[in-house]
Amino acid sequence: KPDLNAGGTKFGATCAACHGADGNSGVPANPKLAQQHPEYIMKQLQDFKSGKRKSPIMQPMAAPLSDADIRNIAYWAGSQKGKPGFAKDKDLAQLGEKIYRGGALDKQVPACAGCHSPNGAGVPAQYPRLAGQQAEYVSTQLLNFQNGTRKNSPQMADIASKLSDREIKAVADYIAGLR
């Protein structure tokens, strides 16, 4: 059973500088972790720790964490209330909504909502919560999947490889404002 007090303490000492004291990062390049599914956070931290997911910043941060630390941090962050984001470009967000809700069938891209749910809540232990996530972070991750830099989700690599840069920005902008 996770220890939320220990998770909050470790998060404050290790994660808060980049991800915000309550898990709601104010830095566009850093993901919001508040209200994220704990199973997803645990998988990502384990992937950073093992080197399956590369990051010159996150790998050294995850390396010293024990399995208990990872579990406690993940459940603490998941228990925090996520703050809503907002789309910045109405036209891009409209294109993003079209792809998020209906996919891009001409490119064999499925609707994002099929896995991440229509409201972006995701599916615990399977697909991460996206609602309100930083647009810059989402765009960077999709580009990393597309160019092969991020390799810890083959299905996302396949999907991202079929999207244009404009479509990636559009989906990311739409996700930022999703509630």
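Structure: see above.
### Digging into the overall build of the protein chain
A tally of regular secondary structure across the protein chain gives ten helices and zero strands. Along its sequence from the N terminus, the protein chain presents helices and strands in the succession α-α-α-α-α-α-α-α-α-α. What you see for the protein chain is a C-alpha radius of gyration of 16 Å, in line with the 16 Å of a compact globule of 179 residues. Residues counted as buried form 46% of the 179 residues belonging to the protein chain. Put simply, 65% of the contacts in the protein chain that link residues at least 6 apart link residues at least 24 apart. As displayed, the protein chain offers around 9200 Å² of accessible surface, 56% of which is attributable to carbon and sulfur atoms. Each charge class in the protein chain can be summarised by its mean position, and for the 23 positive and 15 negative side chains these summaries are 2 Å apart.

### Structural notes on unusual backbone geometry
Outside of glycine, negative phi angles account for most residues, and trans bonds account for most peptide bonds. Positive phi values are uncommon outside glycine, yet Gln108 reaches one of about 60 degrees. Residue placement: Gln108 occurs in the loop between helix H6 (90–102) and helix H7 (113–116). On the basis of relative accessibility, which here comes to 62%, the residue Gln108 falls in the exposed class. Phi is positive for Ser117, which is not a glycine, with a value near 75 degrees. Considering the arrangement of structural elements, one finds Ser117 in the loop between H7 and helix H8 (135–147). For Ser117, a relative accessible area of 15% puts it in the buried group.

### Concerning the packing of aromatic side chains
Following the criterion strictly, the structure yields two aromatic pairs and no others. With 4.7 Å between their ring centres and 40 degrees between their planes, Phe11 and Trp76 make a pair best called tilted. Of this pair, Phe11 sits in helix H1 (residues 4–14) while Trp76 sits in helix H5 (residues 67–79); the two residues are 65 residues apart in sequence, bridging distant segments of the chain. Judged by its relative accessible area of 0%, Phe11 falls in the buried class. Given the relative accessible area of 13%, Trp76 is considered buried. Geometrically, the ring pair formed by Tyr100 and Tyr174 is tilted, given 5.5 Å between the ring centres and 50 degrees between the ring planes. With Tyr100 in helix H6 and Tyr174 in helix H10 (residues 165–177), the pair connects residues that are 74 residues apart, well separated along the chain. For the residue pair Tyr100 and Tyr174, the accessibility class agrees, reading buried in each case.

### Here we look at H5
Given a rise of 1.5 Å per residue, 13 residues ought to cover 18 Å, and the 18 Å separating the end C-alpha atoms of H5 matches this to within 8%. Summarising the contacts, the buried residues of H5 are in contact with H1 and helix H3 (38–50).

### Brief notes about the packing of H1 against H5
H5 packs onto H1 with a crossing angle of 90 degrees between their chain directions and a minimal axis gap of 7 Å. Taken together, the axes of H1 and H5 are roughly perpendicular relative to one another. Judged by residue contacts, Leu4, Ala6, Gly7, Gly8, Lys10 and Phe11 of H1 engage Asp69, Asn72, Ile73, Tyr75, Trp76, Ala77 and Ser79 from H5. Split into classes, the residues belonging to the contact of H1 with H5 amount to seven nonpolar, four polar and two charged.

### Focus on the environment of Gly26
Within the fold, Gly26 resides in the loop between helix H2 (16–19) and H3. C-alpha of Gly26 to C-alpha of Gln134: the two residues are 108 residues apart in sequence and 8.6 Å apart in space.

### Description of the nonpolar core
Counting residues in hydrophobic clusters, the biggest one holds 20 residues, and the most contacted among them are Tyr100, Val109, Val138, Leu142, Val171, Ile175 and Leu178. Tallying contributions element by element places H10 first for this core, with five residues. The next biggest cluster of nonpolar side chains, apart from the first, holds 15 residues, and it includes Ala16, Leu33, Ala62 and Ala74.

Criteria and thresholds
In this numbering scheme, every chain counts its residues from 1 along its sequence in written order. Per-residue local features of the predicted model are confined to residues with pLDDT of at least 70, and side-chain atom pairs are confined, for both listing and counting, to 80 or more; whole-chain, interface and lining totals are unaffected and use all residues. For side-chain calculations, the full set of non-hydrogen atoms in the structure is used, while hydrogens and water are omitted. In this text, helices come from DSSP runs of H or I with a minimum length of four residues, and strands from runs of E with a minimum of two, each type numbered from the N-terminal end. C-alpha atoms define the radius of gyration in this analysis, and the globule rule sets the expected value at 2.2 Å times the number of residues to the power 0.38. Note on classification: 1.4 Å probe, protein chains only; a residue is buried when its accessible area is under 20% of the maximum for its type, exposed when over 50%, partly exposed between these limits. Residue contacts follow a heavy-atom distance rule, with two residues in contact if any of their heavy atoms lie within 4.5 Å. Method for areas: the Shrake-Rupley scheme with a 1.4 Å probe, in which residue coverage is limited to the protein chains shown. Counting rule for charge: Lys and Arg are taken as positive, Asp and Glu as negative, and neither His nor the chain ends is counted. Taken as the charge centre is NZ of Lys, CZ of Arg, CG of Asp or CD of Glu, depending on the residue. Two aromatic rings from Phe, Tyr or Trp, using only the six-membered ring of Trp, form a pair when their centres are within 6.5 Å; if the ring planes differ by under 30 degrees the pair is stacked, by over 60 it is edge-to-face, and anything between is tilted. Helix span is expected to be 1.5 Å times the residue number reduced by one. In this description, a line fitted to the C-alpha atoms serves as the axis of each element, helices being fitted only across the stretch in contact, and the angle between N-to-C directions of two axes falls anywhere from 0 to 180 degrees. If an angle is under 35 degrees, it is roughly parallel; if it is over 145, roughly antiparallel; if it lies from 65 to 115, roughly perpendicular; otherwise it is oblique. Amino acids outside the nonpolar list (Ala, Val, Leu, Ile, Met, Phe, Trp, Tyr, Cys, Pro) and the charged list (Asp, Glu, Lys, Arg) are all regarded as polar, and Gly is one of them. What is meant by a nonpolar core is a set of buried Ala, Val, Leu, Ile, Met, Phe, Trp, Tyr and Cys residues, joined one to another through side-chain atoms within 4.5 Å.

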